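# Remarks on the overall topology
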Amino acid sequence: MDPGNGTEGQFFGNATEETPGDPIPSWDKNTLLGLQISLSAFLAVVTLATVLSNAFVITTIFLTRKLHTPANFLIGSLAVTDLLVSILVMPISIVYTVSKTWSLGQIFCDVWLSSDITFCTASILHLCVIALDRYWAITDALEYSKRRTTRRAAAMIAVVWVISISISMPPLFWRQAKAHEELTECVVNTDQISYTLYSTFGAFYVPTVLLVILYGRIYVAARSRIFKTPSARGKRFTTAQLIQTSAGSSLCSLNSSVAQEAGLQAGGGSPLFANSVKVKLADSVLERKRICAARERKATKTLGVILGAFIVCWLPFFVGTLVMAICKECWFDPVLFDVFTWLGYLNSLINPVIYTAFNDEFKQAFQKLVKFKRCY
């Protein structure tokens, strides 16, 4: 998602241009070449890591039946989207970032820009549907568990792609007027301020507000329920359950009354045995509360990582894009915008780490996958 900047020059190219009577020393060219090689290698490593991490998540979900849940299908779809970013967008961006010259023609530029906007927007919107899924799971656990189906997850994913494509398509219409001209740069034209507002708010600002609201409510709801005994009608999900486990895993439930009744029945109503059971149950409840509190703290940190990583990665890029569209006199260094762009791409590497590294079931599946065992 590379915004246009009319003042953008060839950062690396300018350093090698010789002026009459002022030849550039050979060591300057060698230094420049070293910087280009180093930058290319670093960005290639980031791209490769993004490919491998997302491919690993997809493979793990596919091979592990235990992970075949609607919630994990959303995570898998996010991994597919980030994999597309790493395969179809980031490699070309490496060449363009280093050379600062576009030499692949108008058609390929249009395809690349459309893919960039579509996949990056879809990646961001996937975070929203995952948050929405978890919000419904904690606020309406019983009813939503009945509606939380693979078909529903597929519908949510379809909506994400429809919105993403609708955001990426408009630039194709006005760029065709310049198709006959020789192209030296491939950027989105920010002169169309209406489109810039539409795309930035649709792809970032609105999703960000939605994420903050949803995760804020998830956190508040989870904190208010974590130490409450589940009702006889069903169990409530905690933040730890929503972040760390999938549907079907054990919950931090404290249903002591049921266990107490079972203990009394097992003891045949004996008061002495009942008291012994009560002491053991009390210890068990305290231990479970301690475990749940620890999980809650870890899950709370995970919420902070999710929001923090997303905002840190994408906020600079979208703020810069919006400022350039509104303030025509403002200027950003092209190198700085390259940093902002790649910081956004970095979110595609961070996503699989955040959404799987804190999940015990994924960790176990990863270990089995590394040992080349098919998981069932």
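These numbers come from a predicted model, not from an experiment.

Scoring rules and cut-offs
Residues numbered from 1 in each chain as written. Predicted model: local features only at pLDDT ≥ 70, side-chain atom pairs only at ≥ 80, totals over all residues. Heavy atoms only, no water. Core = buried A, V, L, I, M, F, W, Y, C linked by side-chain atoms within 4.5 Å. Buried < 20%, exposed > 50% of the residue type's maximum accessible area, 1.4 Å probe, protein only. Helix = DSSP H or I, 4+ residues; strand = E, 2+ residues; numbered from the N terminus. Disulfide = S-S within 2.5 Å. UniProt positions renumbered as here; feature names shortened; annotations may be inferred. Polar contact = N/O pair within 3.5 Å; in protein donor to acceptor, adjacent residues only side chain to side chain.

### Points about the nonpolar core
Of all hydrophobic cores here, the largest spans 71 residues; its most connected members are W112, L211, Y215, W314, F318, Y345 and Y355. Looking at this core, the elements that each hand over two or more residues are α2 (26–63), α3 (70–99), α4 (106–139), α6 (150–168), α8 (193–225), α11 (271–326), α12 (334–357) and α13 (360–370). In terms of residue count, the dominant contributor to this core is α4 (16 residues).

### Things to note about the state of the cysteines
Using the criterion set out here, one finds one disulfide in the structure. Covalent S-S linkage joins C109 and C186, the inter-sulfur distance amounting to 1.9 Å. Taking the sign of the S-S torsion, 100 degrees for the link of C109 and C186, the bridge is right-handed. Residue C109 is located in helix α4, and its partner C186 is located in the loop between α7 (171–175) and α8; the two are separated by 77 residues in the primary sequence. On the accessibility criterion, C186 (0% relative accessible area) is buried.

### Brief notes about the UniProt feature "transmembrane region" (unreviewed entry) in the protein
In this structure's numbering, the residues bearing the UniProt feature "transmembrane region" (unreviewed entry) are residues 37–63, 75–99, 111–132, 153–173, 193–215, 305–327 and 339–358. End-to-end, the C-alpha atoms of residues 111–132 are 31 Å apart, and along that stretch the chain is 100% helix and 0% strand. Note that residues 153–173 is 90% helix and 0% strand, and that its end C-alpha atoms are spaced 32 Å apart.

### Quick look at unusual backbone geometry
Notably, K100 is not glycine yet its phi reads approximately 60 degrees, a positive angle. With respect to the helices, strands and loops of the structure, K100 is situated in the loop between α3 and α4.

### A short note on the side chain of T97
With respect to the helices, strands and loops of the structure, T97 is situated in helix α3. Judged by relative accessible area, T97 falls into the buried class, the value being 8%. For T97, the side chain forms a polar contact with the main-chain oxygen of S93, separated by 2.6 Å.

### Describing the environment of F332
With respect to the helices and strands, F332 occurs in the loop between α11 and α12. With a relative accessible area of 18%, F332 lands in the buried category. On a C-alpha basis, the gap between F332 and T321 in space is 9.7 Å, while along the polypeptide they are 11 residues apart.

### Some words on the environment of I213
Along the chain, I213 turns up in helix α8. Judged by its relative accessible area of 43%, I213 is partly exposed.

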